[in-house]
Structures are given as C-alpha cells and as structure tokens.
Amino acid sequence: NDNPSNSNLRWGSFNLNFAIKLLHFIRSQYLVLDPPLSSLTISMPSEKDLLRCGLDELALQVERYGGYENVARRLGLACFDGKNQEMEGRTYRGARLLWRERHEDG
C-alpha cells in the first residue's frame, strides 16, 4: 500500500516546538553574518554552541530526540561532526569557525 500513514518507517519521538526553537536560534545566528544569510550551508550547532549561548535545555532536548546528527537530518541541516568524509575540509572548517567567531564574546 502506498499510503504514507501505513508506512513502516518509524522516526521516533519529536517535538515541533523544540524544532521551532532550534531553527529560530540557528536563523538568528545566521542573520548576524555580514552579509546576513551569506552561508550556502545551514548547519546544526554543536552542543558547545548551544551551551555557550545558555541554551542548556535545548542541548538536552537534542539528545532526547536522537542526538545532533539525527536532529540535523530531520531538519535538513548539515551536521559538521568532522566524521563526514563527503564534506570538504574547507567547508567544515569554515562552518566551525563561523560558529566559534559568533560566540567568543558570549
């Protein structure tokens, strides 16, 4: 049967309010770039990024909903964990530097 409601695919628990809060945080960080939204890739923040910004509860929820890579996949975000061999080294380093620079003062 082609009906999606009968799919055997199981995504596990997830919370829309959590996703909205996380995406709002990510968007706010990309808007401070000069020029805003200049990055071609929107990436999942690391646990350190979230904790550095005082978002401890959001960091805990990421783990609750399957971890950073799983949440990134669900939301269509790039996950720069340093393990993805398909990711160009320069892209990875640039994305990590982007997050670090935006939060050094915070």
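Up top you'll find the structure we're talking about.
Every chain is numbered independently, its residues counted from 1 as its sequence is written. Where local features are concerned, this predicted model is filtered to residues with pLDDT of at least 70; where side-chain atom pairs are given and counted, the filter is 80 or more; whole-chain, interface and lining totals use all residues. Hydrogens are left out, water is left out, and the side-chain values use all remaining heavy atoms of the structure.

Caption draft 1: Inspection of the overall build of the chain at higher detail. Starting at the N terminus, helices and strands are each numbered in turn, a helix being any DSSP run of H or I of at least four residues and a strand any DSSP run of E of at least two. When helices and strands are counted, the chain shows 5 helices and 0 strands. Buried residues in the chain amount to 31% of all 106 residues. Residues are treated as being in contact if the distance between any of their heavy atoms lies within 4.5 Å. Put simply, of all contacts in the chain between residues at least 6 apart along the chain, 60% involve residues at least 24 apart. Burial status follows relative accessibility: with a 1.4 Å probe on protein chains alone, a residue under 20% of its type maximum counts as buried, one over 50% as exposed, and anything between as partly exposed.

Caption draft 2: Spotlight on the environment of Pro36. Note on placement: Pro36 falls in the loop between helix H1 (16–31) and helix H2 (47–52). Taking the relative accessible area as the measure of exposure, Pro36 reaches 48% and is therefore partly exposed. The contact partners of Pro36, leaving out residues within four places of it in the chain, are Tyr30 and Leu31.

Caption draft 3: Fine view of helix H3 (residues 56–64). For H3, the full list of buried residues reads Leu58, Ala59, Gln61 and Val62. Projected down its long axis, H3 shows its buried positions confined to an angular sector of 160°, all on one face. Following H3 by one or two positions, Gly66 has its phi on the positive side, about 110°. Our arc is simply the arc of the directions from the helix axis toward the C-beta atoms.

Caption draft 4: Structural context of the environment of Gly12. Locating Gly12 in the fold gives a position in the segment before H1. Under the relative-accessibility criterion, Gly12 is labelled exposed at 60%. With 54 residues separating them in the primary sequence, Gly12 and Gly66 have C-alpha atoms 8.3 Å apart.

Caption draft 5: Broad picture of the nonpolar core. Among the nonpolar cores identified, the biggest contains 17 residues, and Phe18, Leu22, Met44, Leu50, Val62 and Val71 are the most heavily contacted of them. Among the secondary structure elements, those contributing two or more residues to this core are H1, H3 and helix H4 (68–75). By residue number, the principal contributor to this core is H1, which donates 5 residues. Buried Ala, Val, Leu, Ile, Met, Phe, Trp, Tyr and Cys residues form a nonpolar core when they are joined through side-chain atoms within 4.5 Å.

Caption draft 6: Layout of H4. Where H4 is concerned, the buried positions are Tyr68, Val71, Ala72 and Arg74. Mapping the buried residues of H4 onto a view down its axis gives an arc of 165°, with all of them on the same face. Buried residues along H4 sit in contact with H1, H2 and H3. At the C-terminal side of H4, Gly76 shows a positive phi close to 70°.

Shape descriptors only; they carry no functional weight alone.
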